[in-house]
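In case you want the letters, here they are:
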Amino acid sequence: MNNLIDIKSLSADEINDLIYLAADFKQGRFAHYSEKHCALMFFENSTRTKFSFECAINKLGAHPYIFDGSKSLTSKEELFDTINNLCALGIDTFIIRTGEENLFGELLKRKYFKNVHFINAGQGKTSHPTQALLDYLTMIETAGNMRGKKVVIIGDIKYSSVAKSNIELLSKAGAQVITCAPAYFREDIKGVCFEENLNKALIGADIVMCLRIQNERLSEAINRDDFIKNYQINIDNFPSKAVLMHPGPVNRDVEIQSKLLDSSIGKTILKQAQNGVYVKMAVLEKIFGGGG
Ligand code: CP
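Residue numbering note: each chain is counted from 1, following its sequence as written. With pLDDT at 70 or above as the cut-off, local features in this predicted model cover only qualifying residues; side-chain atom pairs require 80 or more to be listed or tallied, and sums for whole chains, interfaces and linings still use all residues. Note: side-chain values were computed over all heavy atoms of the structure, leaving out hydrogens and water.

Peer 1: For this particular structure, what's the right way to read the sheet that holds strand β3 (residues 93-98)?
Peer 2: Remark on secondary structure: sheet strands pair via backbone hydrogen bonds, oriented parallel or antiparallel. Taken together, 4 strands build an open sheet; the order of strands is β2-β1-β3-β4 and the sheet is parallel. At either margin of the open sheet sits one strand with a lone partner, and together these are β2 (63-68) and β4 (117-123). The mean angle between the axes of side-by-side strands here comes to 20 degrees, regardless of whether they run parallel or antiparallel. Helix α10 (residues 267-288) rests against β1 (37-42), β3 and β4 of the sheet, and its axis sits at about 150 degrees to β4. Note on pairing: two strands pair once DSSP finds at least 2 bridges between them. Put simply, DSSP marks the helices as runs of H or I at least four residues long and the strands as runs of E at least two long, and each gets a number from the N terminus on. Helix axes are fitted only over the stretch in contact, all axes being lines through C-alpha atoms; the angle between N-to-C directions runs from 0 to 180 degrees. Here, residues are in contact when the closest pair of their heavy atoms is within 4.5 Å.

This is the structure in structure tokens:
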């Protein structure tokens, strides 16, 4: 694997390989890549993705370099030139979060000082492949094989990179995906059923995945109270046999009621964060080419 840009470029076998490898790392697999150097370039805020990559790089004995996107030199030069210079310094892997929808497409067209690898750590509203992989590992651990299972994705579908990558992955895994959202967050996606009524959508759900309302991406005002009344998951409407998930960060008492979040049902969300480290170790090992 040379780069990880999106889920649609991975076959079902490649996805399963990554999940098995992540599970191996969780069980204590050891690998050491002291000759590998990784730049973390986050042009949008991140806690889970950024720290879990840094943690994964350290656990693998490789070297993380934090590039401060907010004070970056990209105001002085093109991002391509920054990357090419870092490449000349000896950095081989670039882990990037961006709000630009086709940044990786543009970066991959360029020729670099030597061979480099790119990993998408969240791109705008279109793709977040490592989140989908860690979500898939968490689903398998909590609900078993996902073929034929019902996954209900609720809330801000329109602006969510997590929803898009999860839908691509779950379709390859043979799961049934339903999206549920108010009109202002609705986005119709090929092969995915939409249900506007939350209680109807939740019937028979194996996984209930809530999404963060991405206030920073909204171009229109939304009625928060209306969203809470009609789309919040709480102690009363949560289907007792289902697994509750959320990519984080959670807007407490908006997408999920605090009482439910802080109950044993909410613990899966921390398992997602934990699995993020092992999935990133697996992705990095594939990118590094193994043998560490
Ligand atoms: N789920 C996720 O991407 O969280 P961060 O924005 O904290 O990385």
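Peer 1: Looking at this structure, I do not really get the packing of aromatic side chains. What am I missing?
Peer 2: Remark: the centre distance and the inter-plane angle together describe each pair of aromatic rings, the angle taken between the planes. Centre distance within 6.5 Å is the pairing criterion for rings of Phe, Tyr and Trp, where only the six-membered ring of Trp is used; planes under 30 degrees apart are then read as stacked, over 60 as edge-to-face, and the remainder as tilted. Evaluated as defined, the whole model comprises 8 aromatic pairs. Three or more aromatic residues joined by ring pairs form one cluster here, namely Phe80, Phe94, Tyr112 and Phe118. Lysine and arginine charges are scored as sitting over a ring when NZ or CZ, respectively, is within 6 Å of the ring centre and within 35 degrees of the ring normal. Geometry around Phe53 places Lys280 over its ring, the cationic atom sitting 5.4 Å from the centre.

Peer 1: Just to check I follow, could you spell out the side chain of Asp135 for this structure?
Peer 2: Of note, Asp135 is situated in helix α5 (residues 129-143). For the exposure calls, accessible area comes from a 1.4 Å probe over protein chains only, and a residue counts as buried if that area is under 20% of its type's maximum, exposed if over 50%, partly exposed in between. Residues scored as charged are limited to Lys and Arg (positive) and Asp and Glu (negative), so that His and the chain ends carry no count. The term salt bridge refers to a pairing of a side-chain nitrogen on Lys or Arg with a carboxyl oxygen on Asp or Glu at a separation within 4 Å. It is Lys280 that comes nearest to the buried, bridge-free Asp135 among opposite-charge side chains, at 9.0 Å. Dropping the residues within four chain positions of it, Asp135 is found in contact with Val162, Asn166, Met209, Met245 and Gln272.

Peer 1: I would appreciate a short explanation of the sheet that holds strand β5 (residues 150-154) in the present structure.
Peer 2: Strand order in the open sheet formed by 5 strands is β7-β6-β5-β8-β9, and the pairing between neighbours is parallel. This sheet does not close on itself; its edge strands, each paired only once, are β7 (193-194) and β9 (243-245). Taken together, the 5 bridges between β5 and strand β6 (residues 176-180) define a ladder with parallel strand orientation. Within β6, the position partnered with Ile153 by the bridge is Thr179. Sitting on the sheet, α5 is in contact with β5, β8 (207-210) and β9, with an inclination near 165 degrees to β9.

Peer 1: Teacher, can you tell me more about the environment of Ala22 here?
Peer 2: With respect to the element layout, Ala22 can be found in helix α1 (residues 12-26). Classification of Ala22 as buried rests on a relative accessible area of 0%. Sequence separation between Ala22 and Leu133 is 111 residues; the distance between their C-alpha atoms is 9.5 Å. Beyond its immediate sequence surroundings of up to four residues, Ala22 is in contact with Leu137, Tyr278, Val279 and Ala282.

Peer 1: Just to check I follow, could you spell out the pattern of salt bridges for this structure?
Peer 2: Between side chains of opposite charge, pairing is possible as soon as their charged atoms come close. By the definition in use, this model includes 11 salt bridges. Between Asp188 and Arg186 there is a salt bridge; the shortest N-O distance is 2.9 Å. A cluster of three or more residues bridged by salt bridges with shared partners is formed by Asp24, Arg29 and Glu285.

Limitation: the analysis is restricted to geometry and does not speak to function.
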